[in-house]
Amino acid sequence: MTNLTAKIFHNEAAARAHIEASRWADGVACPHCGSLDTMKMAGKTQAGMFLCRDCRDKFTCRTGTVMERSHIPLHKWLLALHLMASSKKGISALQLQRNLGLGSYRTAWFLAMRVREAMGLGPEAGPMGGEGKVVEADTTYVGGKEKNKHKSKRAAKPQIGGMGKQIVHTLVERDGTARSHHIPNVTGKTLRPILFTQVDRKSSLMTDTAGGYHQIGKQFARYETVDHGKDEYVRGDAYSNTVEGYFSILKRGIIGVFHSVSEAHLHRYLKEFDFRYSNRSGLGIEDTERAALALKGAEGKRLMYSQSH
Ligand SMILES: [Zn+2]
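Computed from a predicted model, the values in this text were never measured in an experiment.

A. Inspection of the coordination of the zinc ion at higher detail. Only Cys30 (SG), Cys33 (SG), Cys52 (SG) and Cys55 (SG) from the protein reach the zinc ion as donors, at distances of 2.3 Å. In this structure, the zinc ion is surrounded by four donor atoms whose angles at the metal cover 104 to 119°, and the resulting shape is tetrahedral. Positions of the donor residues of the zinc ion, expressed as sequence spacing, correspond to C-x2-C-x18-C-x2-C. Given the relative accessible area of 0%, Cys52 is considered buried.

Have a look at this one:
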């Protein structure tokens, strides 16, 4: 860690300057109306406050980001973004609480959830794949407690407070990014809107032989299936090893760190794992840049909780 980056994790003024520079590289734009006719307020109690001369509203670098209405100092936000962006398997709320010196587990938990939201794809993200690109699609089950039971003995409904067997569907572009969804079942009805909105139809699609994909697959430029039931894992370039690799990272993270991921929040954890995978070292994106991308992602994301922490 260089002196410069260390400073933004300890000094509030340095942290604020870093966030303002990240957000407003082309001039301070009012988050309410978009005007560039803004001024920094000079009062002692107005640190970080700007005034828009057009709409006359006030704002700070937190306004309109996941940091809005949070009482956590900005330098702790930056450290949380850095830790979560650079950790290989993820970091638990308890670790975050300790590393940041936060007053309560609950505060750390809400912070981590907001960071996950920042890591999620924005509305500007187009479909994956494209001509000459290969996208693998597959599902896995997460939630260790239930996975060893026979199908008929598994809980019909996920358990409250812990996680029963949950289905995760992931799309991975080879040499590219990943997008995961928590899905209720693997029917064509569930899979269709995911594949059609997330994957460019000029792509080659590779799946296992699950029936849900059958009609959907035909809509893509090329469609290949791999029959895992026949131990057929690789046939030319028809394989799903890339998405399997993603699942092994996900499972190590979920099992090792997140002991009680509840069903309701699984999709937020998936954003975190997708983000790190899609911005990985193997694609030339290192820790500092990954944290910078997470910070950029903090903008324009809705607030998830009304509670202030
Ligand atoms: Zn304005």
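B. Region of interest: the sheet that holds strand S6 (residues 178-183). With mixed pairing, the five strands of this open sheet are ordered in space as S6-S5-S4-S7-S8. The open sheet terminates on both sides in strands that have one partner only, identified here as S6 and strand S8 (222-226). Geometrically, the sheet is characterised by an average inter-axis angle of 20° between neighbouring strands, direction not taken into account. With six bridges connecting them, strand S5 (residues 166-173) and S6 associate as antiparallel partners. Of the residues in S6, the one forming a bridge with Val168 is His182.

What counts and how
Residues numbered from 1 in each chain as written. Predicted model: local features only at pLDDT ≥ 70, side-chain atom pairs only at ≥ 80, totals over all residues. Heavy atoms only, no water. Donors = N, O, S within 2.8 Å, 3.2 Å for Na, K, Ca; no water. Tetrahedral: all angles 85-135°; square planar, octahedral: opposite > 155°, others 65-115°. Buried < 20%, exposed > 50% of the residue type's maximum accessible area, 1.4 Å probe, protein only. Pairing = 2+ DSSP bridges. Helix = DSSP H or I, 4+ residues; strand = E, 2+ residues; numbered from the N terminus. Axes fitted to C-alpha atoms, helices over the stretch in contact; angles between N-to-C directions.

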